[in-house]
There are 2 protein chains.
Amino acid sequence: MKSVTLKDVAKAAGVSYATVSRALSGSPQIGSETRERIIKLCDEMGYTTNYVARSMVMKKTDLIGLVVPSIDNQFNSELAYYAEMSARSHGYNIMLCNSGPDMKQEKTVVKLLLGRQVDGILIVPQSPKTYENIRAYADQVPTVFLSENLRDQPQSYVAVDNSRGAYIGTKYLYELGHRDILYFGRRHSTTHQLRAEGYMKACQELGLRQRFFNSEFSHSSINNGYQLARDLFSKSLDYTAIFASTDSNALGIMKAADEMHIDIPNRLSLIGFDNITATGMPRIELTTIEQPKREMAVQAVDMLRDKIENGTQGYVHQILLPTLIKRGTCRPLG
Amino acid sequence: MKSVTLKDVAKAAGVSYATVSRALSGSPQIGSETRERIIKLCDEMGYTTNYVARSMVMKKTDLIGLVVPSIDNQFNSELAYYAEMSARSHGYNIMLCNSGPDMKQEKTVVKLLLGRQVDGILIVPQSPKTYENIRAYADQVPTVFLSENLRDQPQSYVAVDNSRGAYIGTKYLYELGHRDILYFGRRHSTTHQLRAEGYMKACQELGLRQRFFNSEFSHSSINNGYQLARDLFSKSLDYTAIFASTDSNALGIMKAADEMHIDIPNRLSLIGFDNITATGMPRIELTTIEQPKREMAVQAVDMLRDKIENGTQGYVHQILLPTLIKRGTCRPLG
DNA sequence: TTTTATGCTGCAAACGTTTGCGGCTTTTGA
DNA sequence: TCAAAAGCCGCAAACGTTTGCAGCATAAAA
């Protein structure tokens, strides 16, 4: 268990450990024969530099704290995947924390991360109030928010153009001939507000009546969507398409529709938002709006790196473009 | 950005920083008024103990390295979720690394983790060869393998009873009246070998003919399953049920079947293995064998903690029980 | 040969903690 | 009143690096 230190290989090489450190870090003031001899020796002895000691003196841990509401959520885990890959390729490691389900835990893990001396924090907010919740800490270390729009807050974030996403989705339904489109989902976070706005904008432009069916449940889950949709479908179906504010909701709607024998897509067209993996599964094939998760994650770590390495001050709001993914749940009307 | 140190609050409190340290750690040799005064002061000044300095002297980082082939995989991300929650509740933080897709990267990240001085490593192997691949490192730090059976290897791991899972799945099909059951999937990792063995055992006991359709593709994905199933279905359908060695494969099979108008479950019953989230989605409703992911993750970190904290030597093979999840893809025959 | 420059290496401080040990003050017991 | 015990607290070393600075040898220049 006792690992070999600089001192050990220095002794073996017959030089001071400062020399070994310099040889490894490629300092130009070390002779090339000495360097090679030392490097070879390090290899043989299985030396790996102790990052905690290194971090101590460098005042830099090369660690990025990644906090997500819960990593088992498809959307988050995809973001995490790309974030980790990208971070590592730039020499950073990821410290993972689940912040859900309550605000207290979110605060706790962020504080924890600070104690760990992470160089920066990447956070996908668990609620619209996250910014307030962790503001005190976000000022102490480079932080970028991921996937949730903060709109007017003085904080860096990267997110899709949620409004545009809903806009193109609605327009697509229109082009398919639909004139009665229901917007399904909550609206109390900025993200969801924006989506609703995109829908409304499309409706205005196209001369459509705006119709909402929303709730203020906290998490957008399949089950929530399902429960809600059962309510919805027990009333008259005076619309031909639904724009669901999240894929999870859409999936719930789909389940309810199947149970109540409402034919998707023939009687009802359905479109979601996010393009989570399940939407591409056989039999589901949900038409949806894609969030470019890879790009989002990569941009977020780039932004964070910029703050960390260049000390960039201020904040930037990076908005990426969503894409319409046509699959099987939308049909031309008539 | 400059954080407040022990020294700072010591100066403010008018005591030495050793006293502050002791007050915080609850040492009995500090007077209670002093302690309370110090704690209050720490709060006000926003002091958080620097974990890297602490780790340095304690020779313990309270860090667990979690390496998974790719966190965006449902199965892995669920394990990761529970592992992180459990680890954190015991004072550990998780350092996340994706090891996929190649063996080289797996080795690299494990080496990295060692450099980070993690107290232990939790690894879900990316291939049957993982053990060989990282053995050199696994000897240097407490390590437990997750979800993959290592069978005779002298290493701790926790996994389901894969054999039993396949056994009960096959038996279930038998009880439904099926007599011609095809086993679909690869067999070259221990895990998959065990599943195949469970199937064979059931066949023997029940007097069924054993039928295999397998391949040696490296990753069990929906697409692989799909491609293979298209092949399979182009030949005669002289079986009434398929036991797929993974849910991913089963999903691929389902897709191919739908395309080729083979009615699941009426013409063909299908059962998977793993119970990944997608299987419970509307329209899919795949009958499957559940791996108790939460329990697996929790047990794995318990095991790891035991090694770390008590220095427990030797190894233990923890086998958990799988459960049959009855959903919609299996029908009684006749 | 002497001086200067150049190339390489070692010394030691610093990073922010934890903790054994010694010392001071106060209380207790006789 | 004095000694011993007890209760608190500070000193300083240690953890394993990085790096500014000084020092030594050798090579080049005068």
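This report concerns the structure included in the present document. All figures in this text were calculated on a predicted structure; none of them were measured in a lab. (Residues numbered from 1 in each chain as written. Chains lettered and ligands numbered in written order. Predicted model: local features only at pLDDT ≥ 70, side-chain atom pairs only at ≥ 80, totals over all residues. Heavy atoms only, no water.)

1. Looking at the protein's contact with DNA strand D
Reasoning step 1: The full set close to DNA strand D counts 27 residues, and Ser21(A), Thr19(B), Arg22(B), Gln29(B) and Thr34(B) are the nearest of them.
Reasoning step 2: Expressed as a percentage, the sugar and phosphate content of the atoms of DNA strand D within 4 Å of the protein is 59%.
Reasoning step 3: The separation between a phosphate oxygen of DNA strand D and a polar side-chain atom of Arg54(A) is 3.4 Å.
Reasoning step 4: At a separation of 2.5 Å, a base oxygen of DNA strand D approaches a polar side-chain atom of Arg22(B).
Reasoning step 5: Elements supplying a minimum of two residues to the surface near DNA strand D: helix H2 (17-25) and helix H4 (51-58) of chain A together with helix H2 (17-25) and helix H4 (51-58) of chain B. (Near = heavy atom within 4 Å. Polar contact = N/O pair within 3.5 Å; in protein donor to acceptor, adjacent residues only side chain to side chain. Helix = DSSP H or I, 4+ residues; strand = E, 2+ residues; numbered from the N terminus.)

2. A word on the sheet that holds strand S1 (residues 63-68) of chain B
Reasoning step 1: The mixed open sheet is built from 12 strands, whose spatial order is S11(A)-S5(A)-S4(A)-S3(A)-S1(A)-S2(A)-S2(B)-S1(B)-S3(B)-S4(B)-S5(B)-S11(B). Two strands in the sheet have a free side with no partner beyond their single neighbour: strand S11 (317-320) of chain A together with strand S11 (317-320) of chain B. When the angles between neighbouring strand axes are averaged without regard to direction, this sheet yields 20°.
Reasoning step 2: The sheet contact formed by strand S1 (residues 63-68) of chain A and strand S2 (residues 93-98) of chain A spans 6 bridges and is parallel. Opposite Val68(A), over in S2(A), you have Asn98(A) as the bridge partner. (Pairing = 2+ DSSP bridges. Axes fitted to C-alpha atoms, helices over the stretch in contact; angles between N-to-C directions.)

3. Some remarks on the interface of chain B and chain A
Reasoning step 1: Taken together, the contacts link 53 residues of chain B with 53 residues of chain A.
Reasoning step 2: Here chain B meets chain A over a buried area of about 4900 Å², counting both sides, of which 60% is carbon and sulfur.
Reasoning step 3: Between the two partners, chain B and chain A, sit 2 salt bridges.
Reasoning step 4: Where Asp258(A) meets Arg283(B), a salt bridge forms, and the shortest distance between an N and an O atom there is 3.0 Å.
Reasoning step 5: Summed over the shared surface of chain B and chain A, the number is 21 residue pairs in polar contact (both at pLDDT 80 or more).
Reasoning step 6: Broken down by secondary-structure element, the contributors of at least two residues to the side of chain B that touches chain A are H4, helix H5 (74-89), strand S2 (93-98), helix H6 (103-115) and helix H11 (247-259) of chain B.
Reasoning step 7: Per-element tally for the side of chain B that touches chain A: the top contributor is H5(B), with 8 residues.
Reasoning step 8: Taken together, the residues of the side of chain B that touches chain A break down into 26 nonpolar, 17 polar and 10 charged.
Reasoning step 9: Pairing geometry for S2(A) and S2(B), over 3 bridges, is antiparallel. If you follow Leu96(A) over to S2(B), its bridge partner there is Ile94(B). (Contact = heavy atoms within 4.5 Å. Buried area = accessible area lost by both parts, 1.4 Å probe. Salt bridge = Lys/Arg side-chain N within 4 Å of Asp/Glu carboxyl O. Nonpolar A, V, L, I, M, F, W, Y, C, P; charged D, E, K, R; others polar.)

4. Observations regarding a nonpolar patch on the surface
Reasoning step 1: There is a patch of nonpolar side chains on the surface, built from Met56(A), Val57(A), Met58(A), Met56(B), Val57(B) and Met58(B) and spanning about 590 Å² of accessible area.
Reasoning step 2: Within the residue set of the nonpolar patch, elements represented by two or more residues are H4 of chain A together with H4 of chain B.
Reasoning step 3: As for its placement among the helices and strands, Met56(A) is situated in helix H4. (Patch = residues over 30% accessible without salt bridge, like charges linked within 9 Å, V, L, I, M, F, W, Y side chains within 5 Å. Areas by Shrake-Rupley, 256 points an atom, 1.4 Å probe, with all protein chains shown as cover.)

5. A look at the environment of Asp263(A)
Reasoning step 1: The topology assignment puts Asp263(A) in the loop between helix H11 (247-259) and strand S9 (269-274).
Reasoning step 2: Within the structure, the side chain of Asp263(A) is placed 3.0 Å from the side chain of Asn266(A), a separation counted as a polar contact.

6. Focus on the pairing of strand S4 (residues 143-146) of chain B
Residue and element names in this part refer to chain B.
Reasoning step 1: Side chains Thr143 and Phe145 of S4 all project onto a buried face; the interleaved residues Val144 and Leu146 project onto the opposite face, where all are buried too.
Reasoning step 2: The pairing of strand S3 (residues 120-123) with S4 spans 3 bridges and is parallel. Counterpart to Ile123 in the pairing with S4 is Phe145.
Reasoning step 3: With respect to chirality, the unit in which S3 leads through helix H7 (residues 130-138) into the neighbouring parallel S4 is right-handed.
Reasoning step 4: Summarising the sheet, S4 and strand S5 (residues 157-160) pair through 2 bridges and their orientation is parallel. Residue pairing in the sheet places Leu146 in a bridge with Val158 of S5. (Buried < 20%, exposed > 50% of the residue type's maximum accessible area, 1.4 Å probe, protein only. Right-handed = clockwise from strand over helix to strand, strands pointing away.)

Just distances and angles here, no functional claims.
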